[in-house]
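# Fold and contact review
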Amino acid sequence: CHENWLLASTTPVQEIVMDVAAQGLNALKKRYRDIVGVDPSDVELQGYYDQVSLALEMMKNYNDRYGGPLPDDFTLVQPEQTLLVPIPDTEHQLEGTLDALLRDAGGRLWIKENKTFENHPKINDLQMNDQFISYMWMLSQLNLGEIGGVLYDGMWKRPMQSARKLRTLDELFTREPLIWSPGEIFNHGQQLRDEALDMSDPEMRIYPNRPFMGCW
């Protein structure tokens, strides 16, 4: 939905959600027919319909909160941009797909990362996210210009009105710019090299690696 909305920002977002939902429903019915031989009933599809209703409300609320798919003072470079970057000193590559690549008013590149969350994320956790800094490292290897950072764009998987509470638009969304120093990004690249060499070592032994707080 976000990708299609970025490419057609003047189209009402509800139309975009319903178009994506219809495509998903057709694919779901086809898989069901291929396996079972008949169409699924509405009772069996109710879970899908519920998710579509939630997606419609979430995207409408997003539009009400932000006014469109792009942050103010940003322009779209490319949605769903896949990168394939060689990992230095190895025979391997790192692949990743950015939800969107943006440019700010100062010409810096930003990675827009769309996420849904069950619980509000902590900024410290976002800053330590391995995926985000890996994207930053990949983009830095392409020499496309100055890089700003990652723009985390989070949506709470909740309706505004529930049986227990009426939420505000600000509660439903978290948009946070995340920035790393050049040194941090460089060091992350060194770590990626070490990880790739470790993973590809034919003599590597597989062993448990449990978190220090214990394993349940």
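In this report, we go over the structure that sits alongside the text. (Residues numbered from 1 in each chain as written. Predicted model: local features only at pLDDT ≥ 70, side-chain atom pairs only at ≥ 80, totals over all residues. Heavy atoms only, no water.)

## Focus: the side chain of Asp 153
Inspection of the secondary structure assignment puts Asp 153 in strand E4 (residues 147-156). A relative accessible area of 1% means that Asp 153 is categorised as buried. Within the structure, Asp 153 has its side chain in polar contact with the side chain of Lys 112 (distance 3.0 Å). Among all residues touching Asp 153, those that are not within four sequence positions of it are Tyr 62, Tyr 66, Lys 112, Glu 113, Asn 114, Lys 115, Thr 174 and Arg 175. (Helix = DSSP H or I, 4+ residues; strand = E, 2+ residues; numbered from the N terminus. Buried < 20%, exposed > 50% of the residue type's maximum accessible area, 1.4 Å probe, protein only. Polar contact = N/O pair within 3.5 Å; in protein donor to acceptor, adjacent residues only side chain to side chain. Contact = heavy atoms within 4.5 Å.)

## Let's talk about a negative patch on the surface
Taken together, the side chains of Asp 130, Glu 195, Asp 198 and Asp 201 make up a negatively charged region of the molecular surface. Examined against the element boundaries, Asp 130 turns out to sit in helix H5 (residues 130-141). (Patch = residues over 30% accessible without salt bridge, like charges linked within 9 Å, V, L, I, M, F, W, Y side chains within 5 Å. Areas by Shrake-Rupley, 256 points an atom, 1.4 Å probe, with all protein chains shown as cover. Salt bridge = Lys/Arg side-chain N within 4 Å of Asp/Glu carboxyl O. Lys, Arg positive; Asp, Glu negative; His and termini not counted. Charge placed at Lys NZ, Arg CZ, Asp CG, Glu CD.)

## Considering the packing of helix H2 (residues 13-36) against helix H3 (residues 42-66)
Close contact between H2 and H3 brings their axes to 10 Å; oriented N to C, the two are set at 160°. On the basis of their axis angle, the class for H2 and H3 is roughly antiparallel. The hand of the H2/H3 crossing is right-handed. Listed contacts from H3 to Val 13, Gln 14, Val 17, Met 18, Val 20, Ala 21, Gly 24, Leu 25, Leu 28, Lys 29 and Tyr 32 of H2 are Glu 44, Leu 45, Tyr 48, Tyr 49, Val 52, Ala 55, Leu 56, Met 59, Lys 60 and Asn 63. Its residues assigned to classes, the contact of H2 with H3 comprises 15 nonpolar, three polar and three charged. (Axes fitted to C-alpha atoms, helices over the stretch in contact; angles between N-to-C directions. Parallel < 35°, antiparallel > 145°, perpendicular 65-115°, else oblique. Left-handed = near helix turned anticlockwise from the far one by under 90°. Nonpolar A, V, L, I, M, F, W, Y, C, P; charged D, E, K, R; others polar.)

## Notes on the environment of Val 52
With respect to the secondary-structure elements, Val 52 resides in helix H3. The class for Val 52 is buried, based on a relative accessible area of 13%. Here the alpha-carbon distance between Val 52 and Gly 24, two residues 28 residues apart in the chain, equals 9.9 Å. Ignoring anything within four residues of it in the chain, the contact list for Val 52 reads Met 18 and Ala 21.

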